[in-house]
Amino acid sequence: TLEEELDPFGSYTITFDGNDYKVNMPNVFSTDSFEAEFTYTGSDLGAVWTPEKTTFRVWAPLADEVYVNLYESGDASAEDLIDSLPMTEDVNGTWVLEAEGDRNGVYYTYTTVTGDEVREACDPYARTTGVNGDRAMVIDLDSTDPAGWENDVNPHAGEKITDAVIYELHMRDFSADASSGIENVGKYLQFTEKGTKTAGGAVTGIDYLKELGITHVHILPMYDFGSVDETTGGYNWGYDPKNYNVPEGSYSTDPYNGAVRVGEVKQMVQSLHNEGISVVMDVVYNHVQSGEDFCFNRLVPGYFSRINENGSYSNGSGCGNDTASERSMVRKYIVDSVCYWADEYHMDGFRFDLVGLLDVDTVNAIVEEVHKTHPDVIFYGEGWTMTTNVTKTNMVMATQTNSAQTPGFAYFNDKIRDGLKGGVFNDMETGYISGGSGGSFEVAKAFTADSAWCKSPAQTINYASCHDNLTLFDKLQKSRSDASREDLIRMNNLAAAIYMTSQGVPFMQAGEEMLRTKVNADGSFNSNSYHSGDEVNSIKWSDLEKEEYQQVLEYYKGLIAFRKEHGVLRLDDAQAVQEHVSRVESVPQNVLAFYLTGGVENETAEEMFVIFNANPEAAEVTLPAGGWSVYINGETAGTQALEGVSGKVSVAPISAMVLIQDDSVPVVEQPASEEDGQDENAPAVSEPTEKESVNIVLIGVVCAVVLAVVGAVLIVLGKGKRNKK
Ligand code: CA
């Protein structure tokens with residue numbers, strides 16, 4: 001009990017037993033009274049440049065004094081301070097300073113004085129920085145625009161998220177292998193190099209992306225992260241944010257000059273747009289590289305991150321600190337940041353790392369604000385459920401489970417990922433494509449965008465592999481070391497055929513279409529290559545000089561082309577899926593079949609029939625009545641009819657078959673088989689019988705119990721792993 005009324009923003013010390021203890025009151029920041037007084041809603045935070053003056057505004061509500069420090073260079077080790085100018089206290093905890101004259105290219109930091117604590121920090125709203133992101137730079141942003149930038153637009157404007165085919169790529173992986181033929185290795189400018197080839201003549205680089213047919217390239221973190229020293233270069237995935245509104249310096253040709261990285265990102269985006277490819281940024285707002293050192297937390301200690309009662313950081317991500325998205329100025333910061341990338345850099349999409357740590361109000365605010373001016377920007381993220389110490393009550397987190405509360409935001413579907421090839425936490429586990437018995441249920445559900453967590457195809461990202469865990473081909477090689485290479489490739493291609501024809505948004509790790517493998521020096525497969533370097537991670541373009549790899553690539557190209565030609569595969573609401581896609585039940589074991597009807601946007605086919613055969617032997621499947629043309633089989637995929645069939649078809653071992661109803665194909669009478677009286681009829685489309693349903697439920701319950709135990713163990717192990725990242 002205090003003698004005087006508690007000042008929630010005051011600094012208190014408790015003396016006990018001869019020792020002084022500083023009092024922590026971090027959640028004061030989340031009270032209504034604090035937010036009422038200290039929420040700034042203006043759009044001028046940071047350094048706003050004009051030729052006549054630059055206006056600095058920073059939010060530092062706890063500070064007694066704030067200064068702008070102007071520097072000659074952006075290198076934090078250089079002692080080249082020009083001036084330190086006092087700022088004036090303004091509304092809602094902000095401080096302002098107008099500096100006369102043209103300050104373009106001047107580097108700066110802020111210093112706050114709070115009691116006897118003096119802290120220098122970069123500007124959280126820095127538009128660019130010097131080397132390694134320690135000093136911000138005043139910049140005339142328009143001067144960094146490449147010629148024609150004002151006419152640059154999203155090449156997929158006006159399309160639905162389910163029209164996207166997403167290709168996930170790391171900057172260095174794309175060009176680090178010498179066979180790429182690309183000069184700007186690991187740089188933004190690699191995407192401006194056309195005509196690149198391997199020594200043997202295989203197409204690489206941006207030309208390759210265009211020929212592949214993907215619609216969106218998703219680039220692993222390319223905002224400024226801290227794990228790579230920009231003075232020397234190096235390899236890291238980059239999930240360790242340092243400056244959210246600044247491009248990473250090691251991917252620019254000059255990390256010392258803050259203007260270069262800004263201009264080069266714009267050149268990258270423009271070049272991709274010119275080739276018909278949209279750009280998605282991988283953003284990591286859920287944590288920062290260092291809770292202590294992050295500039296926002298240096299200016300307002302403890303504000304950006306969730307802090308436990310004992311003063312430690314809440315650490316649901318395993319990355320050291322969780323972002324307090326529920327606080328008004330953090331929410332504004334994230335919304336402002338995403339809007340800035342969409343506005344200034346023309347980004348067409350955002351992939352959110354561990355978005356399950358952010359609250360749904362923040363996520364919805366982001367989608368709403370960005371869509372006001374960029375309605376075609378797509379959003380998706382990792383909606384895994386994690387434990388985090390949210391600082392307000394009744395907050396709902398943006399997880400898969402809560403997906404209905406963020407209708408404009410999609411989530412990765414781990415059900416199809418694990419159903420296809422086995423769980424990611426057990427390298428040896430197999431799935432539907434690789435001979436496992438448990439996966440077919442989830443694969444079938446995912447095909448109709450009917451996984452338990454979500455019924456909307458527009459919120460479902462379907463995939464077989466991403467940067468995390470083993471590559472698809474390594475997972476197959478490891479879990480099915482008994483299988484022939486030919487069969488492993490069949491499994492790989494079957495996986496692709498499934499997620500490329502499923503309702504939802506197809507997503508693939510770069511190189512999956514050329515059997516990408518990540519092999520350590522000792523020959524083992526690498527399942528977490530976040531800092532494993534170029535040799536393990538780079539795409540080995542010279543593989544494409546070999547027939548086997550070219551065939552897989554051609555198969556993927558054909559799948560993508562087929563998907564793009566058929567609107568019935570790209571439905572964007574659950575109702576339409578129910579009306580146009582149904583599972584066919586009377587098929588052999590380990591075979592999945594689906595019957596689709598046309599009459600939807602961008603669909604010329606009247607009927608489509610899709611068959612997946614996971615058996616190591618051929619399967620006989622009865623087609624619906626009439627003539628059919630095969631467009632996809634185990635060998636070939638594309639938009640050209642391969643052969644005409646009717647009645648019964650034989651589907652090759654471990655393969656897909658996709659057919660379109662075709663009146664020009666003559667219907668051949670087939671002799672009725674003895675054991676099956678249904679031959680003359682189309683296969684029945686039905687729900688599982690009651691008994692089957694009960695069995696499914698029973699299997700589900702047993703699996704759930706086993707998974708819960710295994711999951712608990714793996715979460716503990718997983719946290720240790722994640723820490724390293
Ligand atoms: Ca950096």
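For the structure itself, consult the block above.
Residues numbered from 1 in each chain as written. Predicted model: local features only at pLDDT ≥ 70, side-chain atom pairs only at ≥ 80, totals over all residues. Heavy atoms only, no water.

1. Considering the packing of helix 2 (residues 205-212) against helix 12 (residues 547-565)
Across the interface, helix 2 lies against helix 12 with an axial gap of 9 Å and an inter-helix angle of 55°. Classified by the angle between their axes, helix 2 and helix 12 sit oblique to one another. Contacts between helix 2 and helix 12 involve Tyr208, Glu211 and Leu212 from the former and Leu553, Tyr556, Lys557 and Ile560 from the latter. Of the residues that constitute the contact of helix 2 with helix 12, the class distribution is five nonpolar, no polar and two charged. (Axes fitted to C-alpha atoms, helices over the stretch in contact; angles between N-to-C directions. Helix = DSSP H or I, 4+ residues; strand = E, 2+ residues; numbered from the N terminus. Parallel < 35°, antiparallel > 145°, perpendicular 65-115°, else oblique. Contact = heavy atoms within 4.5 Å. Nonpolar A, V, L, I, M, F, W, Y, C, P; charged D, E, K, R; others polar.)

2. Focus: the side chain of Asp359
Its location among the elements puts Asp359 in the loop between strand 17 (349-352) and helix 6 (360-373). One polar contact links Asp359 to Arg331, side chain to side chain, over a distance of 2.8 Å. Of note is the side chain of Asp359, whose polar atom sits 3.2 Å from the backbone nitrogen of Asp361. The contact partners of Asp359, leaving out residues within four places of it in the chain, are Ser325, Glu326, Arg331, Met395, Val396, Met397 and Ala398. (Polar contact = N/O pair within 3.5 Å; in protein donor to acceptor, adjacent residues only side chain to side chain.)

3. Overview of the pattern of salt bridges
Counting across every chain of the model gives 36 salt bridges. For Glu35, the salt bridge is made with Lys392, and the minimal N-O distance between the two is 3.0 Å. Taken together, the residues span a long stretch of sequence, with Glu35 in helix 1 (residues 32-38) and Lys392 in the loop between strand 18 (378-381) and strand 19 (410-412) at a distance of 357 residues. With relative accessibility at 16%, the residue Glu35 sits in the buried group. (Salt bridge = Lys/Arg side-chain N within 4 Å of Asp/Glu carboxyl O. Buried < 20%, exposed > 50% of the residue type's maximum accessible area, 1.4 Å probe, protein only.)

4. A short note on the sheet that holds strand 12 (residues 166-169)
Pairing is parallel in the closed barrel, where eight strands are placed in the order 12-13-16-17-18-19-20-21. Each strand axis lies, on average, 30° off the axis of its neighbour in the sheet, ignoring direction. (Pairing = 2+ DSSP bridges.)

5. Examining the layout of surface pockets
Approximately 800 Å³ is the volume found for the second largest pocket. Lining the second largest pocket are 27 residues, with Lys22, Asn24, Leu62, Glu117 and Pro301 positioned closest to its centre. Elements with a contribution of two residues or more to the lining of the second largest pocket: strand 9 (107-114) and strand 10 (117-121). When the residues that make up the lining of the second largest pocket are grouped by side-chain class, the tally is 11 nonpolar, 10 polar and six charged. (1 Å grid on protein atoms, 1.4 Å probe; cavity = no way out; pocket = protein on both sides within 12 Å on 5 of 7 lines; lining within 4 Å. Points joined across faces, edges and corners; volume = space filled by probe spheres on them.)

6. Here's the deal with the coordination of the calcium ion
In this structure, Asp224 (OD), Phe225 (O), Glu230 (OE) and Glu248 (OE) serve as the protein donors to the calcium ion, at separations of 2.2 to 2.3 Å. Counting the intervening residues between successive donors of the calcium ion yields the motif D-F-x4-E-x17-E. Both residues of the pair, Asp224 and Glu230, belong to the buried class. (Donors = N, O, S within 2.8 Å, 3.2 Å for Na, K, Ca; no water.)

7. So, helix 6
Its 14 residues place the ends of helix 6 21 Å apart at the C-alpha level, agreeing with the 20 Å of an ideal helix rising 1.5 Å per residue. Within the span of helix 6, buried status applies to Val360, Thr362, Val363, Ile366, Val367 and Val370. In a view along the axis of helix 6, the buried residues occupy a sector of 165°, so they form one face of it. For helix 6, exposure combined with an orientation more than 90 degrees from the buried face picks out Glu368, Lys372 and Thr373. Among the structural elements, helix 5 (328-344), strand 17 and strand 18 are those in contact with the buried residues of helix 6. Capping the start of helix 6 is the job of one residue whose side-chain oxygen sits 3.2 Å from the backbone nitrogen of Asp361: Asp359. (Expected span 1.5 Å × (residues − 1). Arc of directions from axis to C-beta.)

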